[in-house]
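One letter stands for each residue in the lines below.
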Amino acid sequence: MPFLSKDVLEQVYVLYNKRELVHPDPLEFLYRYPSLKDREIAGLIASSLAYGRVSSILKTVESVLSRMEPSPFHFIADNSLNRFESIFGIFKYRFTDGRELVALFSALKEIYRQYDSLESAINPHSEEDEPNSLPALKRLVSLIMALSGLKKSSLISDPNRGSACKRLNLFLRWMSRNDDVDPGGWSYPHRSKLIVPLDTHMYHFGCCYGFTSRKSPDMKTALEITEGFKRLSPDDPVRYDFSLTRFGIRQDMCWENLDDLISNRPYPR
């Protein structure tokens, strides 16, 4: 197993944590919205639909957000359940149907009626006793599911059932970090508390570099891999998530390139 140092990860971050490398990634939709309320709605929609082939994800998210322009927040706040149903009732993407999407919009409408933002709805105003963002995830899921009227949804994973909640952790990363890639805007949960969005690429990385030996990519595995990154970057354990997952997502990058970096072997860029 090659030795993985913080210096190597910082090199990967400098090389690949760049806006021009975001495409293809549903994160790109958030750059359209300077308004925080628009961005958190767009982020929740984009992350919730982020399963399947990336080309299909981008096409589907575009089809949803284009019907909510120019402001996803005002679309949610100013329209009725009947309006949601008339526009999205026939929506279908893989396991997700219009009923689930309409229920999500209905829950968001009620959340914004009660709170200033989605962040304030889940913020306990004190993180001192929270070891990570799992409590925030649980509050977010509980709130949305209670207000949606659904018992389960393909859009929202349940951390109480052991799910790694990759899509929701991705959403929290987008909203709670701010750099050249992540647009940020939230102060809660703090970036030091974030959990790695565990997809197949990050699971592969965690297994290869000794962050986990678990056989199942569940929440426990996500927490183990996060702890591995915390040993190298305690204030920002998901700092390297975007740049590392470019290996395997982009056609012009592969895991062998990362192995070359770690082994100090040059490769074409």
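Look above for the structure.
For the structure given in this document, a descriptive report is provided here. Model, not experiment: these values are computed from the prediction.

Parameters at a glance
- Residues numbered from 1 in each chain as written.
- Predicted model: local features only at pLDDT ≥ 70, side-chain atom pairs only at ≥ 80, totals over all residues.
- Heavy atoms only, no water.
- Helix = DSSP H or I, 4+ residues; strand = E, 2+ residues; numbered from the N terminus.
- Buried < 20%, exposed > 50% of the residue type's maximum accessible area, 1.4 Å probe, protein only.
- Contact = heavy atoms within 4.5 Å.
- Areas by Shrake-Rupley, 256 points an atom, 1.4 Å probe, with all protein chains shown as cover.
- Polar contact = N/O pair within 3.5 Å; in protein donor to acceptor, adjacent residues only side chain to side chain.
- Core = buried A, V, L, I, M, F, W, Y, C linked by side-chain atoms within 4.5 Å.
- Salt bridge = Lys/Arg side-chain N within 4 Å of Asp/Glu carboxyl O.
- Phe/Tyr/Trp six-rings, centres within 6.5 Å; stacked < 30°, edge-to-face > 60°.
- Lys NZ or Arg CZ within 6 Å of the ring centre and 35° of its normal.
- Axes fitted to C-alpha atoms, helices over the stretch in contact; angles between N-to-C directions.
- Parallel < 35°, antiparallel > 145°, perpendicular 65-115°, else oblique.
- Left-handed = near helix turned anticlockwise from the far one by under 90°.
- Nonpolar A, V, L, I, M, F, W, Y, C, P; charged D, E, K, R; others polar.

## Comments concerning the overall build of the chain
Okay, so step 1: Scanning the chain from terminus to terminus reveals 13 helices and 2 strands.
Okay, so step 2: Structurally, the chain occupies a C-alpha span of about 60 × 40 × 35 Å along its principal axes.
Okay, so step 3: The buried share of the chain, reckoned over its 269 residues, is 57%.
Okay, so step 4: In the chain, 67% of the contacts between residues at least 6 apart in sequence involve partners at least 24 apart.
Okay, so step 5: Counting only carbon and sulfur atoms, one obtains 50% of the accessible surface of the chain, whose full area is about 12400 Å².

## Structural notes on the side chain of Ser 47
Okay, so step 1: If you trace the backbone, Ser 47 turns up in helix H2 (residues 36-48).
Okay, so step 2: Exposure remark for Ser 47: the relative accessible area of 1% places this residue in the buried category.
Okay, so step 3: At 2.8 Å, the side chain of Ser 47 forms a polar contact with the backbone oxygen of Gly 43.
Okay, so step 4: Among all residues touching Ser 47, those that are not within four sequence positions of it are Arg 167, Phe 171 and Trp 174.

## A look at the nonpolar core
Okay, so step 1: Core analysis: the biggest nonpolar cluster contains 86 residues, and Met 68, Phe 105 and Phe 229 have the highest contact counts within it.
Okay, so step 2: Counting residues per element, this core draws most heavily on helix H6 (residues 98-114), which supplies 9 residues.
Okay, so step 3: Every residue in contact with Met 68, bar those within four places of it in the chain, is listed here: Ile 41, Ile 45, Phe 75, Ile 76, Phe 88 and Phe 105.

## Here's the deal with the pattern of salt bridges
Okay, so step 1: Counted according to the given criterion, the structure contains 15 salt bridges.
Okay, so step 2: Across the pair Arg 239 and Glu 10 runs a salt bridge whose closest N-O atoms are separated by 2.8 Å. Taken together, the residues span a long stretch of sequence, with Arg 239 in the loop between helix H11 (219-232) and helix H12 (241-245) and Glu 10 in helix H1 (residues 6-16) at a distance of 229 residues.
Okay, so step 3: One salt bridge in this structure joins Asp 158 and Arg 161, with 3.7 Å as the shortest N-O distance.
Okay, so step 4: A relative accessible area of 64% means that Arg 161 is categorised as exposed.
Okay, so step 5: One salt-bridge network, in which partners are shared between bridges, spans Arg 173, Arg 177, Asp 179, Asp 182, Arg 191, Asp 236 and Asp 241.

## Looking at the packing of aromatic side chains
The geometry of an aromatic ring pair is captured by two quantities: the separation of the ring centres and the angle between the planes.
Okay, so step 1: For the structure on display, the rule yields 15 aromatic pairs.
Okay, so step 2: With centroids separated by 5.9 Å and ring planes inclined at 75°, the aromatic side chains of Phe 205 and Phe 211 adopt a geometry described as edge-to-face. Phe 211 carries the same exposure label as Phe 205, and that label is buried.
Okay, so step 3: Three or more aromatic residues joined by ring pairs form one cluster here, namely Tyr 13, Phe 205, Tyr 209, Phe 211, Phe 229 and Tyr 240.
Okay, so step 4: Sitting over the ring of Tyr 31, Arg 19 keeps its end group 3.5 Å from the ring centre.

## Details of the environment of Val 141
Okay, so step 1: The topology assignment puts Val 141 in helix H8 (residues 134-148).
Okay, so step 2: For Val 141, a relative accessible area of 5% puts it in the buried group.
Okay, so step 3: Separated by 68 residues in sequence, Val 141 and Phe 73 place their C-alpha atoms 19 Å apart.
Okay, so step 4: Not counting the four nearest positions on each side in its chain, Val 141 is found in contact with Ile 156, Ser 157, Asp 158, Pro 159 and Leu 168.

## Observations regarding helix H9 (residues 166-176)
Okay, so step 1: Of all the 11 residues making up H9, 10 are buried; the element is thus mostly covered by neighbouring parts of the structure.
Okay, so step 2: Those residues of H9 that fall on the buried side of the exposure criterion are Arg 167, Leu 168, Asn 169, Leu 170, Phe 171, Leu 172, Arg 173, Trp 174, Met 175 and Ser 176.
Okay, so step 3: For H9, the elements touching its buried residues are H2, helix H7 (118-122), H8, H11 and H12.

## Quick look at the environment of Ile 122
Okay, so step 1: Its location among the elements puts Ile 122 in helix H7.
Okay, so step 2: Ile 122 gets classed as buried once you look at its relative accessible area, which sits at 1%.
Okay, so step 3: Not counting residues up to four positions away in its chain, the partners in contact with Ile 122 are Ala 136, Arg 139, Leu 140, Trp 186 and Tyr 188.

## Details of the side chain of Asn 132
Okay, so step 1: Relative to the helices and strands, Asn 132 is located in the loop between H7 and H8.
Okay, so step 2: Judged by relative accessible area, Asn 132 falls into the buried class, the value being 16%.
Okay, so step 3: A polar contact of 2.9 Å, which involves the side chain of Asn 132, links it to the backbone nitrogen of Leu 134.
Okay, so step 4: Look past the residues within four positions of Asn 132 in its chain and what remains in contact with it is Lys 193, Ile 195 and Leu 223.

## Overview of the packing of H2 against H6
Okay, so step 1: Remark: H2 packs on H6, axes separated minimally by 12 Å, with the N-to-C direction vectors making an angle of 155°. Judged on the interaxial angle alone, H6 and H2 are roughly antiparallel. The chirality of how H2 crosses H6 is right-handed. Here Lys 37, Glu 40, Ile 41, Leu 44 and Ile 45 of H2 lie close against H6, whose contacting residues are Leu 104, Phe 105, Leu 108 and Tyr 112.
Okay, so step 2: Broken down by class, the residue content of the contact of H2 with H6 amounts to 7 nonpolar, no polar and 2 charged.

Bear in mind that shape data such as this cannot, by itself, settle questions of function.
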